[in-house]
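A look at the structure
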Amino acid sequence: MNEYKRQIDYLDWEFGVFFHFGIRSFYPGHKDWDGIEMPAEGFNPDSLDCKQWIKIAKEAGATYAILTCKHHDGFAVWPSQYSKYSVANTPWKDGKGDVVREFVNACREYGLKVGLYYSPAQWGSHAIPFSSAREYDDYFINQIGELLTEYGKIDYLWFDGCGSEGHEYDHARIINAIAEMQPEILTFCDPEWSPGVRWIGNEDGYASLNNPLVVSKTDFSELSKEEQTLSQAMFLPSECDCKIRDTWFYDNNAETIKTVDELFGMYEASVGNGSNFLINVGPDNHGLLCKADSDRLLELGQRIRELYSSERNYSAPQKNNDVYTITHNEINDVDWSIPKEERLVNCLSIKEDLTNGQAVSAFKIYAYLPYYKHKKVLVFEGRTIGHRKLCRIPAVRASKFELEITEFDKPYEIKEIKAFFID
């Protein structure tokens, strides 16, 4: 098996939904590390429906979902044996409820990949004191062990580095324990722990135009002021996490829900630059997604489907040395000289075959003109392609397009070029 197969397969997921749900959902106005206590008694979702969450995510086009199992506040949304600050100590279902169980079951029912979030850090009076780093690692492994052994196959484990700055974990021991429990799992964490998926470096949903898969530096946490230099360059796909409101957890701030235009821009800047797009929606204190959030997520999904499911009528790519050409299938029709809206193109979607890693490091796109069919103009220059590159260009009724690969590190293959009109 290709050593990067799991990570390459992850890029095919493209679009995921994050669900921040926990004790914070019942104490609006709280912020990370604010020191204000949130008693477990406040957790009591009277209408929890994880199927509603996942059904909406599925309808929006998501292929994976992630649940916050324990955030920085230390509250576990499953009945953990290693904490007195969990759903077992709440009035919800008389202490017999399990959000993780309901979430995982919902994901499997709707065919979404299962992701679980876990923050090693914690604060407040409920934080468990430890006399040594090893004792803390024991607790860490024990809690993660519950999540990885009691709910079947977990596809994705998401570690939040925030709050762990300066703390030394025995990461080799922790990662080995995880691998024993879930051999096929993919991790989002400090790549020095385990090469998996890297954080893009912001929580706004945007990747840079140049987004290499092999990197020697990464951002670790929003609290870190500098990138960390890795011990060696690593193959690390990126993920752009972002939120639909200005908070991760539910709060009284419906006026901050982003517009479809902004969310669509974030999608194009993440997936369109070879990264995955992970958008957060916080279920409310009833355990449901608010209608305004749900509607916006569905509107976004509809726009993505409408604009990127109907490609223009071009041939499959034809390769000649380092040039790939797609030709309009109607350029010889008698009516080609008549302008038609359905022939306009302003976006090309390009995919590189990543079987042997990312190779392309520079490219150009030329459009052949509608009347001067043998004349071409340069309409786009880029660097990396990777899993997918969305290239916005001026609207043109091109007889054909050329993709010229001008720099590459090793043999490469372009597996897809599609033309669209995005309005």
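In what follows, the structure referred to is the one given above.
Structural notes, computed from the coordinates. (Residues numbered from 1 in each chain as written. Predicted model: local features only at pLDDT ≥ 70, side-chain atom pairs only at ≥ 80, totals over all residues. Heavy atoms only, no water.)

Overview of the pattern of salt bridges
Just so we agree on the cut-off: Salt bridge, as used here: a side-chain nitrogen of Lys or Arg that lies within 4 Å of a carboxyl oxygen of Asp or Glu. Only runs of H or I of at least four residues qualify as helices and only runs of E of at least two qualify as strands under DSSP, and these elements are numbered from the N terminus. Partly exposed residues are those whose accessible area sits between 20% and 50% of the maximum for their type, while under 20% is buried and over 50% is exposed, using a 1.4 Å probe and protein chains only.
Tallied over the full model, the rule gives 20 salt bridges. Taking the shortest distance from any N to any O, the salt bridge between D9 and K5 comes out at 2.6 Å. With D9 and K5 both in helix α1 (residues 5-13) and four residues apart, the pair spans about one turn of that helix. The residue K153 makes a salt bridge to D155 at a minimum N-O spacing of 2.9 Å. With relative accessibility at 42%, the residue K153 sits in the partly exposed group. Classification of D155 by relative accessible area gives buried; the value is 13%. Several salt bridges converge on common partners, so that one network encompasses E330, D335, K340 and R343.

Brief notes about helix α4 (residues 133-149)
Selection rule: One fewer than the residue count of a helix, multiplied by 1.5 Å, yields its expected span. We call two residues contacting when some pair of their heavy atoms lies within 4.5 Å.
Taking 1.5 Å of rise per residue, 17 residues should cover 24 Å, and α4 covers 24 Å from first to last C-alpha, within 8% of that figure. What α4 keeps buried is the set Y136, D137, Y139, F140, I141, Q143, I144, G145, E146, L147 and L148. Tucked into the core, α4 has its buried residues touching β2 (64-70), α3 (99-110), β3 (113-118), β4 (156-159) and α5 (171-181).

Details of the sheet that holds strand β18 (residues 414-420)
In sheet architecture, strand pairing relies on hydrogen bonds along the backbone and comes in two forms, parallel and antiparallel. Put simply, the rule is: When DSSP finds two or more bridges between two strands, those strands count as paired. With axes taken as lines fitted to C-alpha atoms, and helix axes fitted only over the stretch in contact, angles between N-to-C directions fall between 0 and 180 degrees.
With antiparallel pairing, three strands are arranged side by side in an open sheet as β16-β13-β18. Both outer strands of the open sheet, β16 (389-396) and β18, are each paired with one neighbouring strand and no more. Here the average twist between neighbouring strands, direction ignored, is 20°. As paired elements, strand β13 (residues 345-352) and β16 share five bridges and run antiparallel to each other. Paired with S349 across the bridge in β16 is L390.

As for the nonpolar core
Put simply, the rule reads: To form a nonpolar core, buried Ala, Val, Leu, Ile, Met, Phe, Trp, Tyr and Cys residues must be joined to one another through side-chain atoms within 4.5 Å.
Residues W53, V99, V100, F103 and L116 are the most contacted members of the largest nonpolar core, which totals 79 residues. Take this core: its biggest share by element is seven residues, from α4. The residues touching L116, leaving out its near neighbours within four places in the chain, are I66, L67, C69, V100, F103, V104, L147, I154, Y156, L157 and W158.

Take it as geometry only, folks, not as evidence of what the structure does.
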